[in-house]
Amino acid sequence: MKLCEHIPTEFFCEDGCTAAHRDEIASLGGRALIVTGGRSSKMNGSLDDMTDVLGKCGIAYSVFDRVEENPSVETVMAGTKAALELGADMIIGIGGGSPLDAAKAVALMAANPDRDAEFLVSGGNGYAHPLPLVCVPTTCGTGSEVTPVSVLTYHDRRTKGSVPFKIYPDIALCDGKYLMYAPHRLIVNTAVDTLGHLTESYLNSAADEHSRSAAEKGFELWQGNRPLLEGEPLTAGGCTALMTASAYGGAAIAHTGTGIPHGLSYTLTYEEHIPHGLAVGYFLAGYVSLCSDSEIHEIMGMTGFADTHEMDSFIRRTSGGTGIDRQLASLAAKRLAENPKKLSTAPFDADTAAVEKIAYSALSAD
Ligand SMILES: [Fe+2]
């Protein structure tokens, strides 16, 4: 099914999803490079499920399992080399946001072997369409399986950023059982990222009826399964719901982009290695609190929080976040001020004072 009018990706979500959609996978190519991380896809069964299907379909494959958290341009170029050595005609990303984002960039670069790493930074014209791409998420946060965005780490610029191309997966295969193997802290962090996507998209100045409708569906699933983040035992159904909420968040931001909390978060992740979800979560309540009363009321209604204070304490408590220091908050605000496009996504006038207020809302209590 399509999650949103704007999204071309076919989204499938069910138990045994990879095996159930082997024909769709096989229709995309005959030589597949699997792009994944070093551990989790081996532990949760997602890699075995995929290689089983590829074997049964007679699809040649190799596995590039060197994707790190917050993947770098250098990693993408190494994955591209592996794809070219295999003669891959399709790419399969398995894992959290990092492997999926890396897989997108590899799909682009493997289709354009004459381009070098600078192409991922500066863009260009006259390039070939990315190789067909399948994405299998194993966390519940990025929504990368249905977005065109690939966020990479640019070490020379000391930050993260999106590659200047839209790379939509052709197929997303979502199976809640993979999430049951994830550490609780990772589930919380990725679910807070989803909360950020839903909130930032819903409030975004570029939101339309389709993106808001996708966000509303995501909020409903997210709120209904919030107790799982506070320690209630995981169920396959709950995990599937959190993963689907994540995909709806992805569908929503695919249209609007993310907002100020994400813009501020990148500095925290780059400078202090704060996990992406928590880094976003630190700024969410402060961001919402600058919106109009009716917008705050809407967001609280859809998330189930009484007010922004409860939202903030939930995020800090479940994510184990103790806050950041003034110097880091100030640096994040300064860097964001250089990104007027991101500032224009806010539903209020995001001047310097507003951005600093949001940034300082992430300070530690002491
Ligand atoms: Fe995010």
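## Here's the deal with the packing of helix H12 (residues 260-272) against helix H13 (residues 276-288)
Next, step 1: Where H12 contacts H13, the two axes come as close as 8 Å, and the packing angle between them is 140 degrees. One way to sum up the angle between H12 and H13 is to call them oblique. Where H12 crosses over H13, the handedness of that crossing is right-handed. Residues Ile 260, Pro 261, His 262, Leu 264, Ser 265, Tyr 266, Leu 268 and Thr 269 of H12 pack against His 276, Ala 279, Val 280, Tyr 282, Phe 283, Leu 284 and Tyr 287 of H13.
Next, step 2: A per-class count over the contact of H12 with H13 returns 11 nonpolar, 4 polar and no charged.

## Considering helix H14 (residues 293-303)
Next, step 1: Of all the positions in H14, only Glu 295, Ile 296, Ile 299, Met 300, Met 302 and Thr 303 are classed as buried. In an axial view of H14, the angular spread of the buried residues amounts to 165 degrees, which keeps them on one side of the axis. For H14, exposure combined with an orientation more than 90 degrees from the buried face picks out Asp 293, His 297 and Gly 301.
Next, step 2: Contact partners of the buried residues in H14: helix H8 (184-202), helix H9 (209-224), helix H10 (226-229), H13 and helix H15 (308-319).
Next, step 3: Backbone geometry just after H14 places Gly 304 at a positive phi near 85 degrees.

## Considerations on helix H18 (residues 352-360)
Because an α-helix packs 3.6 residues into every turn, residues spaced three or four apart end up facing the same way.
Next, step 1: Turning to H18, its buried residues are Ala 354, Val 355, Ile 358 and Ala 359. All buried residues of H18 lie within an arc of 135 degrees about the axis, which places them on one face of the element. With respect to the buried face of H18, the exposed residues turned more than 90 degrees away are Thr 352, Ala 353 and Lys 357.
Next, step 2: Where H18 is buried, its residues contact H12, H13, helix H16 (326-337) and helix H17 (340-343).

## Some remarks on the sheet that holds strand E4 (residues 90-95)
Pairing between sheet strands relies on hydrogen bonds along the backbone, with the strands arranged either parallel or antiparallel.
Next, step 1: What the 6 strands build is an open sheet, ordered E1-E8-E5-E4-E2-E3; its pairing is parallel. What marks the edges here is a single partner per strand, and that holds for strand E1 (10-13) and strand E3 (60-64). Neighbour-to-neighbour, the strand axes of this sheet turn through a mean angle of 20 degrees, independent of strand direction.
Next, step 2: Direction of pairing for E4 relative to strand E5 (residues 133-137): parallel, over a ladder of 5 bridges. Within E5, the position partnered with Gly 95 by the bridge is Pro 137.

## A few points about the side chain of Ser 72
Next, step 1: Relative to the helices and strands, Ser 72 resides in the loop between E3 and helix H5 (73-86).
Next, step 2: Judged by its relative accessible area of 4%, Ser 72 is buried.
Next, step 3: Apart from residues lying up to four places away in sequence, Ser 72 is in contact with Thr 153 and His 155.

## Examining unusual backbone geometry
Next, step 1: If you check the backbone angles, Asn 70 has positive phi at about 55 degrees while not being a glycine.
Next, step 2: Considering the arrangement of structural elements, one finds Asn 70 in the loop between E3 and H5.
Next, step 3: Classification of Asn 70 by relative accessible area gives partly exposed; the value is 21%.

## Notes on the domain arrangement of the protein
Next, step 1: Assigned domains of the protein: these are domain 1 (10-177) and domain 2 (184-360).
Next, step 2: Summarising the inter-unit geometry, the C-alpha centres of domain 1 and domain 2 are found 25 Å apart.
Next, step 3: Contact with domain 1, which involves 23 residues of that partner, is made by 24 residues of domain 2.
Next, step 4: Between domain 1 and domain 2, a total of about 1,900 Å² is buried, with carbon and sulfur atoms accounting for 63% of that surface.
Next, step 5: In terms of surface lost to domain 2, no three residues of domain 1 exceed Cys 140, Arg 158 and Lys 160, which account for 31% of the buried area on that side.
Next, step 6: Linking domain 1 to domain 2 there are 0 salt bridges.
Next, step 7: Applying the counting rule to domain 1 against domain 2 returns 7 residue pairs in polar contact (both at pLDDT 80 or more).
Next, step 8: The set of elements that each furnish at least two residues to the side of domain 1 that touches domain 2 consists of E1 and strand E7 (159-162).
Next, step 9: Considering only residue class, the side of domain 1 that touches domain 2 consists of 8 nonpolar, 11 polar and 4 charged.

## Digging into the environment of Met 77
Next, step 1: With respect to the element layout, Met 77 can be found in helix H5.
Next, step 2: With a relative accessible area of 26%, Met 77 lands in the partly exposed category.
Next, step 3: Counting along the chain gives 43 residues from Met 77 to Leu 120, while the straight-line C-alpha distance between them is 9.7 Å.
Next, step 4: Contact partners of Met 77, with chain neighbours within four places excluded, come to Met 109, Arg 115, Asp 116, Ala 117 and Leu 120.

## Examining the environment of Gly 29
Next, step 1: Mapped onto the fold, Gly 29 is located in the loop between helix H2 (22-26) and strand E2 (31-36).
Next, step 2: For the pair Gly 29 and Pro 148, spaced 119 residues apart in sequence, the C-alpha to C-alpha distance is 20 Å.
Next, step 3: When sequence neighbours within four positions are dropped, the list of residues in contact with Gly 29 reads Ile 59, Asp 89 and Met 90.

## Overview of the pattern of salt bridges
Next, step 1: For the structure on display, the rule yields 10 salt bridges.
Next, step 2: Here Lys 177 and Asp 15 are joined by a salt bridge, their closest N and O atoms 3.8 Å apart. Taken together, the residues span a long stretch of sequence, with Lys 177 in the loop between strand E8 (171-174) and H8 and Asp 15 in the loop between E1 and helix H1 (17-20) at a distance of 162 residues.
Next, step 3: For Lys 177, a relative accessible area of 28% corresponds to the partly exposed category.
Next, step 4: Taking relative accessible area as the criterion, Asp 15 reaches 65% and is therefore assigned exposed.
Next, step 5: Between Glu 230 and Arg 317 there is a salt bridge, and its shortest N-O distance comes to 2.5 Å. Within this pair, whereas Glu 230 is found in the loop between H10 and helix H11 (236-256), its partner Arg 317 is found in helix H15, the two being separated by 87 residues in sequence.
Next, step 6: What makes Glu 230 partly exposed here is its relative accessible area of 42%.
Next, step 7: Given the relative accessible area of 53%, Arg 317 is considered exposed.

Thresholds applied
Residues numbered from 1 in each chain as written. Predicted model: local features only at pLDDT ≥ 70, side-chain atom pairs only at ≥ 80, totals over all residues. Heavy atoms only, no water. Axes fitted to C-alpha atoms, helices over the stretch in contact; angles between N-to-C directions. Helix = DSSP H or I, 4+ residues; strand = E, 2+ residues; numbered from the N terminus. Parallel < 35°, antiparallel > 145°, perpendicular 65-115°, else oblique. Left-handed = near helix turned anticlockwise from the far one by under 90°. Contact = heavy atoms within 4.5 Å. Nonpolar A, V, L, I, M, F, W, Y, C, P; charged D, E, K, R; others polar. Buried < 20%, exposed > 50% of the residue type's maximum accessible area, 1.4 Å probe, protein only. Arc of directions from axis to C-beta. Pairing = 2+ DSSP bridges. Domains from an automatic or database assignment. Buried area = accessible area lost by both parts, 1.4 Å probe. Salt bridge = Lys/Arg side-chain N within 4 Å of Asp/Glu carboxyl O. Polar contact = N/O pair within 3.5 Å; in protein donor to acceptor, adjacent residues only side chain to side chain.

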